[in-house]
Amino acid sequence: MRDWVTNVRTTHYLLGSVLGAHPYPLMVRDFHTVIGNEARAQILKFEKKLPKAIIACVGGGSNAMGIFHAFLGDKKVELIGVEAGGRGKKLGEHAARFDGGSPGVLQGTFSYLLQDEAGQIAGTHSVSAGLDYPGVGPEHSWLHDIGRAEYVSANDQEALAACQLLARIEGIIPALESSHAIAECLRRIPKMKKSEIAIVNVSGRGDKDMGILQKELKH
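Residues numbered from 1 in each chain as written. Predicted model: local features only at pLDDT ≥ 70, side-chain atom pairs only at ≥ 80, totals over all residues. Heavy atoms only, no water.

Asks: Go over the nonpolar core with me, naming the residues and quoting the values.
Replies: With 24 residues, the main nonpolar core has Ile54, Ile67, Phe68, Phe71, Leu79, Leu143 and Tyr151 as its most contacted residues. If you list the elements that add at least two residues to this core, you get α2 (24-47), β1 (53-57), α3 (62-68) and β5 (149-155). Per element, the largest residue contribution to this core is four residues, and it comes from α3. When residues no more than four places from it in sequence are discounted, the contact partners of isoleucine 67 are Ile35, Gly36, Ala39, Ile54, Ala56, Ile199 and Asn201. By size, the runner-up hydrophobic cluster in this structure holds twelve residues, among which are Val82, Leu166, Ile182 and Ala183. (Core = buried A, V, L, I, M, F, W, Y, C linked by side-chain atoms within 4.5 Å. Buried < 20%, exposed > 50% of the residue type's maximum accessible area, 1.4 Å probe, protein only. Helix = DSSP H or I, 4+ residues; strand = E, 2+ residues; numbered from the N terminus. Contact = heavy atoms within 4.5 Å.)

So, in structure tokens, the structure goes:
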């Protein structure tokens, strides 16, 4: 970020999430809207109705924003973002910005951050490498503040259990990031009617996480 603003005429700053200074959060969101557009079209085609809820993991928040965006105007569709609850509630043990963070500026973005009382960025932890960023996309902060989206968290053990369950039932090994969303879906299913549908955005494959899974599940 420092290099970019110093050499702005000759360089571009590219970040793979809905983060950073304008226009990057907007650009990344728009690139990812294919996720939501296709999901909305397919659910209407095959189920003839909209889902009760959309559930997606949120690190920086690009995959979640990509699927949320197509449903923003559907007020009855619940938008559920799932952050990394990590291994505890103390600062430095999780990456749940909406549960333990406060507004601040990081890398050109004003959003919710994990920071100490002096405004210094806190360390984070998650079993999934893609969810441990100390900030979150500003549009997610806006959706949170206006009440359009709900943000919850799943801890490491819940995500690992969800990952194993999906692998055993469906033969799909989800990324550990996506496993947080699956964990939240498992919490909500018992409270839903049989006629209701939830879409879980499985945002990536778990091939990349085999080393972590081997370490965490060695028992």
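Asks: Let's hear about the pairing of strand β4 (residues 109-113): which residues, and what values?
Replies: Counting buried residues in β4 gives four out of five residues, a clear majority hidden from the surface. Bridge count for strand β3 (residues 102-106) against β4 is five bridges, and the pairing is antiparallel. Counted as the bridge partner of valine 105 is phenylalanine 110 from β4. Counted along the chain from β3 to the antiparallel partner β4, the turn is two residues long, and its residue glutamine 107 has a positive phi close to 50°. (Pairing = 2+ DSSP bridges.)

Asks: Explain the environment of cysteine 185 residue by residue, including any values.
Replies: Tracing the sequence through the fold places cysteine 185 in helix α7 (residues 176-188). By relative accessible area, which is 12% here, cysteine 185 ends up buried. Residues cysteine 185 and valine 34, spaced 151 residues apart in sequence, show a C-alpha to C-alpha distance of 22 Å. If we ignore the near neighbours within four places in the chain, the residues touching cysteine 185 are Ile55 and Val200.

Asks: If you had to explain the packing of helix α6 (residues 156-170) against α7 to someone new, which residues and values would you point to?
Replies: The contact between α6 and α7 brings their axes to 7 Å, and the two run at 90°. Classed by the angle they form, the pair α6 and α7 counts as roughly perpendicular. Contacts between α6 and α7 involve Glu158, Ala159, Leu160, Ala162, Cys163, Leu165 and Leu166 from the first element and Leu176, Ser179, His180, Ile182, Ala183, Leu186 and Arg187 from the second. Grouping the amino acids of the contact of α6 with α7 by side-chain chemistry returns ten nonpolar, two polar and two charged. (Axes fitted to C-alpha atoms, helices over the stretch in contact; angles between N-to-C directions. Parallel < 35°, antiparallel > 145°, perpendicular 65-115°, else oblique. Nonpolar A, V, L, I, M, F, W, Y, C, P; charged D, E, K, R; others polar.)

Asks: Can you tell me about the packing of aromatic side chains, naming the residues and giving the values?
Replies: This structure, assessed with the given rule, holds three aromatic pairs. Between tryptophan 4 and tyrosine 24, the ring centres sit 5.5 Å apart and the planes meet at 70°, which makes this aromatic pair edge-to-face. Placement of the pair is tryptophan 4 in helix α1 (residues 2-6) and tyrosine 24 in helix α2, with a sequence separation of 20 residues. On the basis of an interplanar angle of 55° and a centroid distance of 5.1 Å, the ring pair of phenylalanine 98 and tyrosine 112 is categorised as tilted. Taken together, the positions of phenylalanine 98 in helix α4 (residues 97-100) and tyrosine 112 in strand β4 put the pair 14 residues apart, joining distant regions of the chain. As far as the burial class goes, phenylalanine 98 and tyrosine 112 line up, both buried. (Phe/Tyr/Trp six-rings, centres within 6.5 Å; stacked < 30°, edge-to-face > 60°.)

Asks: Can you explain the sheet that holds strand β2 (residues 78-86)? Please cite residues and give values.
Replies: Spatial strand order, β5-β2-β1-β6: four strands in an open sheet with parallel pairing. Among the strands making up the open sheet, the edge pair consists of β5 and β6 (198-200). Taken over all neighbouring pairs, the strand axes of this sheet differ in orientation by 25° on average, direction set aside. Sheet topology note: the β1/β6 ladder contains three bridges and is parallel. From the neighbouring strand, alanine 53 faces β6, where its bridge partner is alanine 198. Running over the sheet, α6 touches β2 and β5 and is turned about 85° from β5.

Asks: Before we move on, can you summarise a nonpolar patch on the surface with the specific residues and values?
Replies: Together, Leu165, Ile169, Leu186 and Ile189 make up a nonpolar patch on the protein surface, roughly 340 Å² of accessible area in all. Mapped onto the elements of the fold, leucine 165 is located in helix α6. With relative accessibility at 34%, the residue leucine 165 sits in the partly exposed group. (Patch = residues over 30% accessible without salt bridge, like charges linked within 9 Å, V, L, I, M, F, W, Y side chains within 5 Å. Areas by Shrake-Rupley, 256 points an atom, 1.4 Å probe, with all protein chains shown as cover. Salt bridge = Lys/Arg side-chain N within 4 Å of Asp/Glu carboxyl O.)

Asks: Can you lay out the layout of surface pockets for me, pointing to particular residues and giving the numbers?
Replies: By volume, the largest pocket amounts to about 280 Å³. As for the largest pocket, its lining consists of Leu165, Leu166, Ile169, Glu170, Ile182, Cys185, Leu186, Ile189, Ala198, Ile199, Val200 and Val202. For the lining of the largest pocket, the elements supplying multiple residues, two or more each, are α6, α7 and β6. Ranked by residue count, the leading element in the lining of the largest pocket is α6, at four residues. When the residues that make up the lining of the second largest pocket are grouped by side-chain class, the tally is six nonpolar, eight polar and two charged. (1 Å grid on protein atoms, 1.4 Å probe; cavity = no way out; pocket = protein on both sides within 12 Å on 5 of 7 lines; lining within 4 Å. Points joined across faces, edges and corners; volume = space filled by probe spheres on them.)

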